[in-house]
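Observations on chain architecture
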Amino acid sequence: MPRGRYSLHDPHDHTPLGEEHFHCAPGPSGWRYVAQLTHPDGGHRGSVDLAVDALGRPIRLELNAAGWQVRGAAVDGVTWVRTDPTGTEATEGNVRAPGFTGTSPAFLIATARLLRLVPGGPATRVRLVALTDPVLAARTVDQAWALLSRAEHPTDSGPLVVDEYRVTALDTGEVHTVHIAGDVVLAAPGIELEHLETPPSTFPEGDFPEDDDFDAGI
């Protein structure tokens, strides 16, 4: 069970946003990631609890930040409920998309599991619901993911397989690179892995999910 700490910063001006203290683990029916977020001064900032099934689809999501809470899951695409800080009102949303995204590294792992890309293969387009800081507002984004390479690196605990992805925001054309090993993000825009107590977990390989939400389905 990987357990560690990410540092988070603004990917454009590098302003520190705090840290994400996480643990995660694959299971017989999928993968779960749990984290506590802190401000740069160490104060509590929020939490993440994401569980995905064997195909990477969200079966449970709970985010908390600035008093706001979002709960969601894969229902008729993805469906979520966002509750205001007073707890007196709630708004619902639904989008024909296969998953969520946001600032947490957990979403990068989940999207990679959704797409199951082949190294050197063509880019795959995917529609996601982004839950944006600081108030977890939802917006729909389209991205293109390509797995550029898969390389094995020797470590003291054995070989480490690292995937290098190119992720393109289709609304702005902005391109960035994401490095993932198993169920841990090694580096991505705004994300640095600062500490890892145990090696990343590996996922069993499976067939690519047949789902209309991919490519032409959006």
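Residues numbered from 1 in each chain as written. Predicted model: local features only at pLDDT ≥ 70, side-chain atom pairs only at ≥ 80, totals over all residues. Heavy atoms only, no water.

1. With respect to the packing of aromatic side chains
We count it as follows: Only rings of Phe, Tyr and Trp enter the pairing, Trp through its six-membered ring, and a pair is recorded when the two centres are within 6.5 Å. The plane angle decides the type: under 30 degrees is stacked, over 60 is edge-to-face, the rest tilted. Only runs of H or I of at least four residues qualify as helices and only runs of E of at least two qualify as strands under DSSP, and these elements are numbered from the N terminus. For the exposure calls, accessible area comes from a 1.4 Å probe over protein chains only, and a residue counts as buried if that area is under 20% of its type's maximum, exposed if over 50%, partly exposed in between. The criterion is that NZ of a Lys, or CZ of an Arg, lies within 6 Å of the ring centre and within 35 degrees of the ring normal, and then a charge sits over that ring.
Here the structure, examined in full by the defined rule, presents 6 aromatic pairs. Each ring, one from Y6 and one from F22, has its centre 4.6 Å from the other, and the planes form 20°; the classification is stacked. With Y6 in strand β1 (residues 3-9) and F22 in strand β2 (residues 16-27), this residue pair connects regions lying 16 residues apart in the sequence. Classification of Y6 by relative accessible area gives buried; the value is 1%. Residue classification places F22 among the buried positions, given a relative accessible area of 2%. With a centroid separation of 5.9 Å and an interplanar angle of 45°, the aromatic rings of W31 and Y33 are classed as tilted. Taken together through their ring pairs, the aromatic side chains of Y6, F22, W31, Y33 and F203 make up a single cluster. One cation-aromatic arrangement involves R82 over W68; the distance from NZ or CZ to the ring centre is 3.8 Å.

2. Describing the side chain of R116
What counts, and what does not: Each polar contact in these results corresponds to two N or O atoms within 3.5 Å; when the atoms are within protein, one needs to be able to donate a hydrogen and the other to accept it, and residues that are neighboring in sequence are counted only if both atoms are side-chain atoms.
Note that R116 resides in the loop between α1 (105-115) and β10 (124-132). A polar contact of 2.3 Å, which involves the side chain of R116, links it to the backbone oxygen of A54.

3. Concerning the confidence of the model for the protein
Keep this limit in mind: By definition, pLDDT measures how confident the predictor is in each residue, and it falls between 0 and 100. For this analysis, residues touch if any pair of their heavy atoms sits within 4.5 Å.
For the protein, per-residue confidence averages 91 on the pLDDT scale, and residues scoring 70 or more make up 94% of the total. Ranking the helices and strands of the protein by mean pLDDT puts strand β9 (residues 99-101) first, with 98, and β2 last, with 94. The model gives residues 207-218 a pLDDT under 50, and that stretch makes 25 contacts with residues more than four places away or in other chains.

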